[in-house]
Number of protein chains: 2
Amino acid sequence: MQVAAYGAKSATSDIEPLTIERRQTGAHDIAIDIDFCGVCHSDLHMARNDWGVAMYPVVPGHEIVGRVTDVGAHVKGFKPGDLVGVGCMVDSCQSCPSCDEGLEQYCENGMVGTYNGDDKVLGGHTYGGYSGKVVVNEKFVLRVSDKLETKAVAPLLCAGITTWSPLRHWNVKKGDKVGVVGLGGLGHMGVKFAAALGAHVVMITTSAAKGEDAKRLGAHEVLVSKDADAMAAHTGSFDFLLNTIPVKHDLNPYIALLKRDATMVIVGAVEPLEGFHGAGLIMGRKRIAGSLIGGIAETQEMLDFCAEHGITSDVEMINIDTINNAYERMQKSDVKYRFVIDMKSLKAAA
Amino acid sequence: MQVAAYGAKSATSDIEPLTIERRQTGAHDIAIDIDFCGVCHSDLHMARNDWGVAMYPVVPGHEIVGRVTDVGAHVKGFKPGDLVGVGCMVDSCQSCPSCDEGLEQYCENGMVGTYNGDDKVLGGHTYGGYSGKVVVNEKFVLRVSDKLETKAVAPLLCAGITTWSPLRHWNVKKGDKVGVVGLGGLGHMGVKFAAALGAHVVMITTSAAKGEDAKRLGAHEVLVSKDADAMAAHTGSFDFLLNTIPVKHDLNPYIALLKRDATMVIVGAVEPLEGFHGAGLIMGRKRIAGSLIGGIAETQEMLDFCAEHGITSDVEMINIDTINNAYERMQKSDVKYRFVIDMKSLKAAA
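Going by what an unreviewed UniProt entry lists, chain A is known as Hydroxyacid dehydrogenase and is assigned to Thalassospira mesophila. Chain A has a UniProt comment under Sequence similarities (unreviewed entry) that states "Belongs to the zinc-containing alcohol dehydrogenase family." Quoted verbatim from the Cofactor (unreviewed entry) field of the UniProt record, the comment on chain A reads "Zn(2+)".

If you want it as structure tokens, here you go:
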């Protein structure tokens, strides 16, 4: 079926109206009318082909919340009218060790991205959530509680799970001293989750002004990374660091903050990082790790936790026809903390 | 007491004969006549003040094996005539959480290095094993089995424990695919230990010629890191990497070799490393860590394992008056795989 969407026709074009083909609802598929779609920094990177892997047209969007309109013959557990979410993946091989362990994001045969993935059904590539409808295999559809403000749930599907998964995998718990480095879409969720898990949360940021807002989000302390004395006072004191900085940066000051055997997990910088001093890791058996979104079961766990604890993203709503302006503001970090597109605006434009 | 030794009087001087002061045997001390002392790359770095922390005169040497000549009134478990070893540490606070856990190398109040540490008894700084005698607190003295060739035991006290500790801490076990990167003093022990622990050991080296020798040491495969096709064939296949490269290098090719959730431990490069690509860690939740020597109990465990499995270092014996030449050869990696000083040569020179 033909569906209205917005996307980029080339690396240099703006995001503009398009029509895309969506598959019919297969036996294991769920058709969804999209209500809201969050705007992730990677939407912008892919639209502009910053990573050199874009396939055009690029229809971004992998923070999708909407209502089920149709389910395939073999679908159990979902019915029309259900509130659901779709995150960064719409398929995986479902047979490799990673998939068997519920870690579809690390599928050894390659998970299928919600956009710019290889479309196994229609051929070509997948199209994301800047569109009116999407059809997704039931295994990649999440249940969303109607206890939460729906529009503010959308960013949980990427920014939320990206921060939740490492906090859980590295077993952040009550009493741990956790630093969240960088306060953007990812960082603001990291602060909320770490606080909800009972950690003592320190917002580590370049700007004292940003830090104040972090306290509203749940941070107990603010550490300004440009303040050498303050950084020195926290040396060797952190049980865990969640590093959400999205660009190349010096890791050494953050490594110094870790306790012996503690880990800093990088979730934001999908790009080359500066070098670090070997002694920084050696003297204290410290660790640097990476983490990519989260598995489907873990994403559901996160959504359920959010429903129980009343956690959502801080969002600024936009209409689809202002998306190019939103990208410009994102590049200046001028958003608290995630743009979400009200997809009614697409229907109005259509 | 005055003891004959060899050391550097300044950053630019050769290693030359000196006389140093050793303390009397205290109630908890053990006095040792040194038979053999291994030559570690850090001896050279410290003698030349490459790390900017040297205190002169520098008497290097922290791979010490000798015989007990005297024990303090409260010493239990050691007696004159016992064969013993001393490694990189001669003291620590023995009251912090790291010391309580048997991880004296990470003592939070600073472990006392065997040389160039703060001497708590005599004041000034500690002097290492390029000398005839040493007096050490019993807690930092290791038992050495006389089943092993004594001179080839000396390097176990640093090169041995430095590679053993991460292999054990990261639980390398039978059937794991383990890569040892770099074949020098550390790497050759890493190969021996990983093989003895039952791992499938791949020697990863720049030179196919070096690799052949690695097979003699126990490696099952050789991977030449300059061979892009060979490296690609091993992508994502290693359970653990022990990185012994002693100098700045590109981490990206090695990160690519790791399986999901696998760790590369850096033990050699106590210096700034090149940057790496964030995606390399993120796509697979991979980890980079550091590791410093090992605790005293773990060092004893390693020595006992060596006695049981007949493992020693491959050594080239030298007399103390050829140490400057040995340093020059070490800088060219011209040693298989560790120089050991026969300390009888010091007595002969005295």
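Participant: I tried to follow the interface of chain B and chain A on my own but got confused; where do I start?
Facilitator: Much of the literature gives interface size as the accessible area that the parts lose upon coming together. On the chain A side, the residues contacting the 37 residues of chain B number 37 residues. Summing both sides of the interface, chain B and chain A together bury roughly 2,900 Å²; the carbon and sulfur share of this comes to 64%. If you sort the residues of chain B by the area they bury against chain A, R260, I282 and R285 of chain B come out on top, with a joint share of 26%. Linking E101 of chain B and R260 of chain A is a salt bridge whose minimum nitrogen-to-oxygen distance equals 3.2 Å. Where chain B packs against chain A, one counts 15 residue pairs in polar contact (both at pLDDT 80 or more). Secondary-structure elements contributing two or more residues to the side of chain B that touches chain A are α2 (97-100), α3 (159-169), β14 (258-266), α8 (278-282) and β15 (287-290) of chain B.

Participant: Got a minute to help me understand the UniProt feature "domain: Enoyl reductase (ER)" (unreviewed entry) in chain A in this structure?
Facilitator: In the numbering used here, UniProt assigns the feature "domain: Enoyl reductase (ER)" (unreviewed entry) to residues 10-341 of chain A. Segment residues 10-341 of chain A splits into 25% helix and 25% strand. End C-alpha atoms: 21 Å apart.

Participant: Hey, could you run me through the relation of the copies chain B and chain A in this one?
Facilitator: Two copies of the chain are present, and they differ by a rotation about an axis and a shift along that axis. For the match of chain B to chain A, the screw axis carries a shift of 0.0 Å, the RMSD comes to 0.0 Å, and the turn is 180°. Within this description, the copies of the chain are treated as partners about a two-fold rotation axis. Minimal C-alpha distance to the rotation axis in chain B is attained by G275 of chain B, lying at 1.8 Å.

Participant: Please clarify how the packing of aromatic side chains should be interpreted in this entry.
Facilitator: Any aromatic ring pair is given by two values, namely how distant the centres are and how the planes are angled relative to each other. Within this structure, the stated rule accounts for 7 aromatic pairs over all chains. Each ring, one from W170 of chain A and one from F240 of chain A, has its centre 6.3 Å from the other, and the planes form 35°; the classification is tilted. Of this pair, W170 of chain A sits in the loop between α3 (159-169) and β10 (177-181) while F240 of chain A sits in strand β13 (residues 238-243), and the two are 70 residues apart along the sequence. In this pair, the class of W170 of chain A matches that of F240 of chain A, namely buried. Note on W164 of chain B and F193 of chain B: the rings are 5.2 Å apart at their centroids and 70° apart in plane angle, and the pair reads as edge-to-face. Residue W164 of chain B is found in helix α3, and its partner F193 of chain B is found in helix α4 (residues 185-196); the two are separated by 29 residues along the sequence. For W164 of chain B, a relative accessible area of 1% translates into the label buried. Here a set of aromatic residues connected by ring pairs shows up, and it is made of W164, F193 and F305 of chain A. One residue, K177 of chain A, lies across the ring of F238 of chain A, its end atom 4.5 Å from the ring centre.

Participant: Even after reading the chapter, I still don't get the pairing of strand β4 (residues 64-71) of chain A, so can you show me in this structure?
Facilitator: The two faces of the sheet receive side chains in turn, since in a regular strand these alternate between them. Residue and element names in this part refer to chain A. For strand β3 (residues 29-38) and β4, the ladder comprises 7 bridges, and the chain directions are antiparallel. By the bridge assignment, I34 is partnered in β4 with G66. Pairing between β4 and strand β5 (residues 83-86): 4 bridges, direction antiparallel. Paired with G66 across the strands is V84, a residue of β5.

Participant: I would appreciate a short explanation of the domain arrangement of chain A in the present structure.
Facilitator: Residue and element names in this part refer to chain A. Splitting chain A by domain gives domain 1 (2-157 + 314-349) and domain 2 (160-290). On the domain 2 side, the residues contacting the 8 residues of domain 1 number 13 residues. Per-residue buried area on domain 1 facing domain 2 is highest for L156, D314 and Y337; these three make up 59% of the total on that side. Linking domain 1 to domain 2 there are 2 salt bridges.

Rules used throughout
Residues numbered from 1 in each chain as written. Chains lettered and ligands numbered in written order. Predicted model: local features only at pLDDT ≥ 70, side-chain atom pairs only at ≥ 80, totals over all residues. Heavy atoms only, no water. UniProt positions renumbered as here; feature names shortened; annotations may be inferred. Contact = heavy atoms within 4.5 Å. Buried area = accessible area lost by both parts, 1.4 Å probe. Salt bridge = Lys/Arg side-chain N within 4 Å of Asp/Glu carboxyl O. Polar contact = N/O pair within 3.5 Å; in protein donor to acceptor, adjacent residues only side chain to side chain. Helix = DSSP H or I, 4+ residues; strand = E, 2+ residues; numbered from the N terminus. Least-squares fit on C-alpha atoms with pLDDT ≥ 70 in both. Phe/Tyr/Trp six-rings, centres within 6.5 Å; stacked < 30°, edge-to-face > 60°. Buried < 20%, exposed > 50% of the residue type's maximum accessible area, 1.4 Å probe, protein only. Lys NZ or Arg CZ within 6 Å of the ring centre and 35° of its normal. Pairing = 2+ DSSP bridges. Domains from an automatic or database assignment.

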